[in-house]
Amino acid sequence: MPADVSVAGFNDITVAQFMTPSLTTVKLHSEFMGRTALELLLERIRTKRAISKKVIIPAELMIRESCAAVR
């Protein structure tokens, strides 16, 4: 049954919230990712760091009408 299916997307494109039903997505903070990448690059150039650095960029689940709780 269609009511038993949930759909989720990735990257929270603008149109996702205006679809019918509105699409649940994972939102990536692209601007923050870009700033962080630039900061890491500049730091690596300045310090000549050879070891990789692990960075976790938060994502946000945008729950909308395309997903429902399990019955």
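Attention here is on the structure that accompanies the text. (Residues numbered from 1 in each chain as written. Predicted model: local features only at pLDDT ≥ 70, side-chain atom pairs only at ≥ 80, totals over all residues. Heavy atoms only, no water.)

1. A short note on the overall build of the protein
Next up, step 1: The helix and strand inventory of the protein stands at one helix and three strands.
Next up, step 2: Listing each helix as α and each strand as β along the protein from the N terminus yields β-β-α-β.
Next up, step 3: Taking 71 residues into account, the globule formula puts the C-alpha radius of gyration at 11 Å, and the protein, at 18 Å, lies well above it.
Next up, step 4: By principal-axis analysis of the C-alpha atoms, the protein measures approximately 55 × 25 × 10 Å.
Next up, step 5: Looking at the 71 residues of the protein, the share that counts as buried comes to 14%.
Next up, step 6: At a minimum sequence separation of 6, the contacts of the protein that also span at least 24 residues come to 62%.
Next up, step 7: Of the roughly 5,900 Å² of accessible surface on the protein, a fraction of 64% belongs to carbon and sulfur atoms. (Helix = DSSP H or I, 4+ residues; strand = E, 2+ residues; numbered from the N terminus. Rg over C-alpha atoms; globule rule 2.2 N^0.38 Å. Buried < 20%, exposed > 50% of the residue type's maximum accessible area, 1.4 Å probe, protein only. Contact = heavy atoms within 4.5 Å. Areas by Shrake-Rupley, 256 points an atom, 1.4 Å probe, with all protein chains shown as cover.)

2. Overview of the environment of Gln17
Next up, step 1: Locating Gln17 in the fold gives a position in the loop between strand E1 (8–10) and strand E2 (24–28).
Next up, step 2: Considering only alpha carbons, one finds Gln17 and Glu31, 14 residues apart in sequence, at a separation of 20 Å.
Next up, step 3: Not counting the four nearest positions on each side in its chain, Gln17 is found in contact with Ser22 and Arg64.

3. With respect to the sheet that holds E1
Next up, step 1: Strand order in this open sheet of three strands is E1-E2-E3, and the pairing throughout is mixed. Strands with a single pairing partner mark the edges of an open sheet, and in this sheet they are E1 and strand E3 (59–62). On average, each strand axis in the sheet is tilted by 20° relative to the strand beside it, whichever way the strands run.
Next up, step 2: As paired elements, E1 and E2 share three bridges and run parallel to each other. Bridge pairing in E2 links Phe10 to Val26. (Pairing = 2+ DSSP bridges. Axes fitted to C-alpha atoms, helices over the stretch in contact; angles between N-to-C directions.)

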